[in-house]
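Coordinate inspection notes
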Amino acid sequence: MDPRCVELADQLLLIERELRALDWWEETPPSAEALASQTPFCVDTLAFEQWLQWIFLPRMKLIIENDMELPHASGIRAMAEEVYRGRLVEVAKLLDAIGAFDRLIGGAN
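Rules of the game
Residues numbered from 1 in each chain as written. Predicted model: local features only at pLDDT ≥ 70, side-chain atom pairs only at ≥ 80, totals over all residues. Heavy atoms only, no water. Helix = DSSP H or I, 4+ residues; strand = E, 2+ residues; numbered from the N terminus. Rg over C-alpha atoms; globule rule 2.2 N^0.38 Å. Buried < 20%, exposed > 50% of the residue type's maximum accessible area, 1.4 Å probe, protein only. Contact = heavy atoms within 4.5 Å. Areas by Shrake-Rupley, 256 points an atom, 1.4 Å probe, with all protein chains shown as cover. Axes fitted to C-alpha atoms, helices over the stretch in contact; angles between N-to-C directions. Parallel < 35°, antiparallel > 145°, perpendicular 65-115°, else oblique. Nonpolar A, V, L, I, M, F, W, Y, C, P; charged D, E, K, R; others polar. Phe/Tyr/Trp six-rings, centres within 6.5 Å; stacked < 30°, edge-to-face > 60°.

Looking now at the overall build of the protein chain. In terms of helices and strands, the protein chain carries 5 helices and 0 strands. Starting at the N terminus, the α and β elements of the protein chain follow one another as α-α-α-α-α. A globule of 109 residues ought to have a C-alpha radius of gyration of about 13 Å, and the protein chain, at 14 Å, matches this closely. Each principal axis of the C-alpha atoms in the protein chain carries an extent, and together these give about 35 × 35 × 25 Å. Looking at the protein chain as a whole, 41% of its 109 residues are labelled buried. Intrachain contacts of the protein chain at a sequence separation of at least 6 include 71% that bridge at least 24 residues. Accessible surface, the protein chain: about 6400 Å² in total, of which carbon and sulfur atoms supply 54%.

Structure, rendered in structure tokens:
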């Protein structure tokens with residue numbers, strides 16, 4: 001198991017916590033069609049926070065739980081900063097959690 005997995009799992013929980021704190025956590029998933037988008041971050045069918053909840057978090061949890069190879073790089077914070085550029089103070093803790101995830105993924109195993 002990659003030694004970063006425990007820390008990465010903690011960051012995923014922090015991202016979920018921040019989505020909930022911002023009241024962006026949804027109980028009902030988007031349509032199957034919206035989730036099947038092939039566009040990066042599903043920008044054509046989902047809000048960024050929906051992508052985090054319904055695509056990113058489940059995919060990363062699956063990778064960690066099944067001891068699959070981790071991605072070699074992550075630049076999710078840059079996308080989040082772009083999406084929330086007018087609300088950076090409001091989403092600061094979410095950005096911090098995403099940034100920590102990016103740094104962990106970028107670290108050598």
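Contact geometry of helix α4 (residues 76–83) with helix α5 (residues 92–106) gives a least axis separation of 8 Å together with a crossing angle of 155°. Classed by the angle they form, the pair α4 and α5 counts as roughly antiparallel. Residues I76, R77, A80 and E81 of α4 lie in contact with α5, whose contacting residues are L95, D96, I98, G99, F101 and D102. Looking at the contact of α4 with α5, its residues break down into 5 nonpolar, 1 polar and 4 charged.

It is worth spelling out the packing of aromatic side chains at this point. Two descriptors summarise a pair of aromatic rings, namely the distance from one centre to the other and the angle between the planes of the rings. Enumeration according to the criterion identifies 7 aromatic pairs in this entry. Ring geometry for F41 versus F48: centroids 5.9 Å apart, planes at 50°, classification tilted. A residue is classified by how much of its surface remains accessible, and F41, at 24% relative accessible area, is partly exposed. By relative accessible area, F48 is classed as buried at 6%. With a centroid separation of 5.7 Å and 25° between ring planes, the pair formed by F48 and W51 is classed as stacked. Of this pair, F48 and W51 are both found in helix α3 (residues 48–65), 3 residues apart, which corresponds to roughly one turn of the helix.

It is worth spelling out the environment of I105 at this point. Structurally, I105 can be placed in helix α5. A relative accessible area of 1% places I105 in the buried class. Counting along the chain gives 28 residues from I105 to R77, while the straight-line C-alpha distance between them is 12 Å. Ignoring anything within four residues of it in the chain, the contact list for I105 reads R4, L8, M60, L70, P71, H72, A73 and S74.

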